Amino acid sequence: MFECTGQDCGETFSEEQIKYKCDSCGSPLRVKREIEEPKYEGQGIEKYKEALPIESDFVTLQEGDTPLCEASGLANRYDLNDLFLKYEGTNPTGSFKDRGSAVAITRALEYGYRSVTLASTGNMAASVAAYSSKARVTSRIFVPEATPEGKTSQVRAYGGELIRVEGDFQECLYKAKKEARMGSYLAETGLNPYYLEGEKTIGYELVKQIKEYYKDKKIPDTIITPMGTGGLLSSIYWSLQEQEKLGLIDKIPRLIGVQAKACSPIVDAFNEGHRRPKPPTTRGETIADSIHVKVPINGGTAVEAMEETNGFAVQVDDEHMIKSIFEMGREGIFAEPASALPLAALKKIFDPEEDDLNLDKDDSIALIVTGNGLKESELMTEKGIEK
Ligand SMILES: [Zn+2]
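The sections below set out a description of the structure shown in this document. (Residues numbered from 1 in each chain as written. Predicted model: local features only at pLDDT ≥ 70, side-chain atom pairs only at ≥ 80, totals over all residues. Heavy atoms only, no water.)

Quick look at the environment of C9
Then, number 1: With respect to the helices, strands and loops of the structure, C9 is situated in the loop between β1 (2–4) and β2 (12–13).
Then, number 2: Judged by its relative accessible area of 29%, C9 falls in the partly exposed class.
Then, number 3: With 18 residues separating them in the primary sequence, C9 and S27 have C-alpha atoms 9.0 Å apart.
Then, number 4: Setting aside anything within four residues of it in sequence, one finds C9 in contact with C4, C22, S24 and C25. (Helix = DSSP H or I, 4+ residues; strand = E, 2+ residues; numbered from the N terminus. Buried < 20%, exposed > 50% of the residue type's maximum accessible area, 1.4 Å probe, protein only. Contact = heavy atoms within 4.5 Å.)

Describing the pairing of strand β11 (residues 254–260)
Then, number 1: Most of β11 is tucked away, with 7 of its 7 residues classed as buried.
Then, number 2: Burial along β11 is two-sided: R254, I256, V258 and A260 and L255, G257 and Q259, pointing in opposite directions, are all buried.
Then, number 3: Both strand β10 (residues 222–226) and β11 contribute to a ladder of 5 bridges, which runs parallel. Considered in β11, the bridge of T222 is made with R254.
Then, number 4: On the question of chirality, the crossover connecting β10 to the parallel β11 by way of helix α8 (residues 231–245) is right-handed.
Then, number 5: Sheet topology places β11 next to strand β12 (residues 312–316); 5 bridges connect them, and they run parallel. Its bridge partner lying in β12, G257 is registered against A313. (Pairing = 2+ DSSP bridges. Right-handed = clockwise from strand over helix to strand, strands pointing away.)

Brief notes about the coordination of the zinc ion
In ideal tetrahedral geometry, four donors around a metal make angles of 109.5 degrees, whereas ideal octahedral geometry with six donors gives angles of 90 or 180 degrees.
Then, number 1: On the protein side, the zinc ion has C4 (SG), C9 (SG), C22 (SG) and C25 (SG) as donor atoms, found 2.3 Å from it.
Then, number 2: Coordination geometry of the zinc ion: the 4 donor atoms subtend angles of 97 to 116° at the metal centre, consistent with an arrangement described as tetrahedral. (Donors = N, O, S within 2.8 Å, 3.2 Å for Na, K, Ca; no water. Tetrahedral: all angles 85-135°; square planar, octahedral: opposite > 155°, others 65-115°.)

Notes on the environment of L343
Then, number 1: In this fold, L343 is placed in helix α12 (residues 341–349).
Then, number 2: For L343, a relative accessible area of 0% translates into the label buried.
Then, number 3: Between the C-alpha atoms of L343 and N91, which are 252 residues apart in sequence, the distance is 20 Å.
Then, number 4: If we skip the residues at most four places from it in the chain, L343 touches L74, S324, E327, M328 and L367.

Overview of the packing of α8 against helix α10 (residues 299–308)
Then, number 1: Between α8 and α10, the shortest axis-to-axis distance is 8 Å and the interhelical angle comes to 50°. As the angle between them shows, α8 and α10 are arranged oblique. Between α8 and α10 lies a crossing of left-handed hand. Touching L233, S234, Y237, W238 and Q241 of α8 are T301, A302, A305, M306 and E308, all from α10. (Axes fitted to C-alpha atoms, helices over the stretch in contact; angles between N-to-C directions. Parallel < 35°, antiparallel > 145°, perpendicular 65-115°, else oblique. Left-handed = near helix turned anticlockwise from the far one by under 90°.)

Some points on the packing of helix α2 (residues 97–111) against helix α3 (residues 123–134)
Then, number 1: Between α2 and α3, the least distance of the axes is 9 Å, while the angle of their chain directions is 40°. The angle between α2 and α3 places the two elements in the oblique class. Where α2 crosses over α3, the handedness of that crossing is right-handed. When α2 is examined against α3, the residues K97, D98, S101, A102 and I105 are found in contact with a partner set consisting of N123, M124, S127, V128, Y131 and S132.
Then, number 2: For the contact of α2 with α3, the class distribution of residues is 5 nonpolar, 4 polar and 2 charged. (Nonpolar A, V, L, I, M, F, W, Y, C, P; charged D, E, K, R; others polar.)

A short note on the packing of aromatic side chains
Then, number 1: Enumeration according to the criterion identifies 7 aromatic pairs in this entry.
Then, number 2: Residues F84 and Y214 carry aromatic rings whose centres are separated by 4.9 Å and whose planes lie at 65° to one another, so their mutual orientation is edge-to-face. Remark: Y214 occurs in the loop between α7 (201–213) and β10 and F84 occurs in strand β5 (residues 82–87); sequence separation between them is 130 residues. This pair shows no difference in class: F84 is buried, exactly as Y214 is.
Then, number 3: Taking the centre distance of 5.1 Å and the plane angle of 50° together, the rings of Y113 and Y185 count as tilted. With a gap of 72 residues between them, Y113 in the loop between α2 and β6 (115–119) and Y185 in strand β9 (residues 185–186) connect regions that are remote in the sequence.
Then, number 4: Overall, Y185 belongs to the buried group, its relative accessible area being 0%.
Then, number 5: Put simply, the rings of F2, Y111, Y113, Y185 and Y194 pair up and form one aromatic cluster. (Phe/Tyr/Trp six-rings, centres within 6.5 Å; stacked < 30°, edge-to-face > 60°.)

Observations concerning the sheet that holds β1
Then, number 1: On the basis of which strands lie adjacent, the open sheet formed by 3 strands has the order β2-β1-β3 and antiparallel pairing. Each edge of the open sheet carries a strand with a single partner, namely β2 and β3 (29–31).
Then, number 2: Here β1 runs beside β3; their pairing, made up of 3 bridges, is antiparallel. Looking across to β3, one finds that E3 is bridged to R30.

Section: the side chain of T225
Then, number 1: Topologically, T225 is positioned in strand β10.
Then, number 2: Not counting residues within four places of it along the chain, the set of residues in contact with T225 comprises L232, L233, I236, I256, G257, V258, P342 and I368.

What about the layout of surface pockets?
Then, number 1: When its volume is computed, the second largest pocket comes out at roughly 410 Å³.
Then, number 2: What lines the second largest pocket is a set of 17 residues, and nearest its centre among them are K32, R33, I35, E242 and K245.
Then, number 3: Every element with two or more residues in the lining of the second largest pocket is listed here: β3 and α8.
Then, number 4: In terms of residue count, α8 provides more of the lining of the second largest pocket than any other element does, 4 residues in total.
Then, number 5: Taken together, the residues of the lining of the second largest pocket break down into 7 nonpolar, 1 polar and 9 charged. (1 Å grid on protein atoms, 1.4 Å probe; cavity = no way out; pocket = protein on both sides within 12 Å on 5 of 7 lines; lining within 4 Å. Points joined across faces, edges and corners; volume = space filled by probe spheres on them.)

Observations concerning the nonpolar core
Then, number 1: Within the largest apolar cluster, 118 residues are counted, with the highest numbers of intra-cluster contacts made by L83, Y185, V314, M328 and L346.
Then, number 2: Filtering out sequence-adjacent residues up to four positions away, M328 remains in contact with L74, L85, I333, A335, S339, A340, L343 and V369. (Core = buried A, V, L, I, M, F, W, Y, C linked by side-chain atoms within 4.5 Å.)

Following this line, the structure appears as structure tokens:
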């Protein structure tokens, strides 16, 4: 069934038909089913199918199984015990979104849909185009008129139908919702409840990899992720709750979410002590465009996840984000700008001038590096950003 994620709502709905929000309060929904301990059979995220709402064969490009690298150079530099980078850039279309797309598009087939739609400007557009083509369903993807060619080239290559819309993302979302009302499946990150189920696999995989490859290490005490809609942090939290319940971990790591200073509605909501992020009133610009989300649909559950794990929220400016891209490069990891936020946040937390942010240097820390830098490689040319 679907369960409303709205605070104090608790409304539930049948999964017989896809639903994108709660009829009572308008909040996003999540999937609630009985889950079992994963058998770790198959490839990629199929390993966790006992914890996923899938009944048929997966539509898969073998997403998942991404590297968990020990960043010993960075750990030495910042005097940390254990630091891990979970590098999602090796997913089939270059970002963590593929985990969610695999589950969302598999469910589209189970519901009998033949066409998929969404509004996006970046990673999700590429991912949904690829998985739709793999599933032999059509995809219509709405992007703002001003979206640069570089961002849409993946969609074209995968055979998605690209529609440029006069206006911003909200206008694109309006068009995609209209398309969905005419019979298409809406694969929107924050609105499709199956998408977030796929994202849970990052949390499962992280725990499995520590146990398998780093036997002398503990499960991370702290996990730091970038936040756009807030969906990634929420789904990692849900996976950790499930794993605690299944007896796979003893305690749930602290969760820290990071946003760019130019657009940080979830950080503001957390710091102000409420669960409903308000759109920023100033018009800021950031190079981290993949998380430049003014209306973060899953912001409420992200705030809740940080509160319940004794975590916190951090905002970082572009200058420090850029420095972190180059620092991660020295570990052999090429991150897109938004993916450098967790490292930039870590440095800010340990900055002696930031005395209201606290973390123990003996903690084992994992940073989620969400996307591949090759997607925005023009930034790294000599004419692009400065070191
Ligand atoms: Zn509700």
